[in-house]
Amino acid sequence: MSKPPPSPPSLANLRQEIDTIDAQMHSLLMQRGDIIDRLIQVKQTQEVGSAFRPAREADMMRRLVQRHRGILPLDTVESIWRVIISTFTYVQAPFSVHADISIGESLMRDSARFHFGFTVPYVSHFSAPAAVEAVAKSKGDLALVSATSSTTPWWIALEAEGVPKIIARLPFVERADHPAALPVFVVSRVADSAMVTEVEMWSVRVSGWNADIALALSPLAEIVAVPDTAIDGAALLVSVAAGHLEKIEAALVEAGASVRSSALVGSHATRYTVPSGTAK
């Protein structure tokens, strides 16, 4: 005689399992806080400025996506981790996020809140130069500016030694229908050991710039271009793989432009895109 199939678990038992998991997650977060407290004492983070670590955070988010499975949407998982990471970073060394809202306040605010949560203070500015200037005057604040368009060459202020640099490009993980998909650069002053240098950011000033040259360079690098002081000049913000600026400069000359100057103004992780059909 066959045995009857086991009875499904009751709702009460399943809810008890959820309550147990919730308590464990809260306990782990408090344990993480204890470790952060010890980290502050060991590294004296509050004395060196921003605790933001773009290299570590980019790697953490990549690994999160690679191991994720199940019914919980990736958007939710990423947003939870972003709040956890950013809040504990803020606890180590308080900072504010200065956002250039000239390209649209709602999109920029969504990006700031998704990536940094609500604990980190949010300060809006009406131009990228204003946001960058606020960061330059701060101890360890961050500026968020558009990574795809600009009306002013705000990156020229990053050319000198000892000033803030571009340290990250958000979102760390790109995918279709990302809830905070606005491409933005993060500008701040962080330790060299915290930087990730897979993609270099160069401020390049040229003469003889025109639409044909822009078209010729588009397959080689991401470029933001605005008019410079010269009549036919332009100030370029060039995103290029580390060590490949010479190829861009050679392409500019071959296309008919003259390179007047170039300066490294930051770096960030390679864009990590979730394959189509994977994201939820």
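For the structure, check the block above.
The structure presented is a predicted model; accordingly, all values stated were derived computationally and were not measured.

1. Quick word on the environment of L144
Position of L144 among the secondary structure elements: in strand β3 (residues 142-146). Judged by relative accessible area, which is 0%, L144 ranks as buried. Along the primary structure L144 and W154 are separated by 10 residues, whereas in three dimensions their C-alpha atoms are 12 Å apart.

2. Quick notes on helix α7 (residues 245-255)
For α7, every residue scored as buried is listed here: L245, I248, A251 and L252. Taken down its axis, α7 places every buried residue within 125° of arc, on the same side. Among the exposed residues of α7, those oriented more than 90 degrees off its buried face are E246, K247, V253 and E254. Directly after α7, the chain includes G256, whose backbone phi takes a positive value near 110°.

3. What about the packing of aromatic side chains?
One pass over the structure, following the stated rule, counts 4 aromatic pairs. Residues F52 and F116 carry aromatic rings whose centres are separated by 6.2 Å and whose planes lie at 50° to one another, so their mutual orientation is tilted. Placement of the pair is F52 in the loop between α1 (11-43) and α2 (54-67) and F116 in helix α4 (residues 105-116), with a sequence separation of 64 residues. When its relative accessible area of 1% is taken as the criterion, F52 is described as buried. F116 sits in the buried class, given a relative accessible area of 2%. Their ring planes at 80° and their centres at 6.4 Å tell us that F95 and F116 sit as a pair that is edge-to-face. Of this pair, F95 sits in the loop between α3 (74-92) and β1 (97-100) while F116 sits in helix α4; the two residues are 21 residues apart in sequence, bridging distant segments of the chain. The class of F95 is buried, set by a relative accessible area of 2%.

Here is what the cut-offs are and how they apply
Residues numbered from 1 in each chain as written. Predicted model: local features only at pLDDT ≥ 70, side-chain atom pairs only at ≥ 80, totals over all residues. Heavy atoms only, no water. Helix = DSSP H or I, 4+ residues; strand = E, 2+ residues; numbered from the N terminus. Buried < 20%, exposed > 50% of the residue type's maximum accessible area, 1.4 Å probe, protein only. Arc of directions from axis to C-beta. Phe/Tyr/Trp six-rings, centres within 6.5 Å; stacked < 30°, edge-to-face > 60°.

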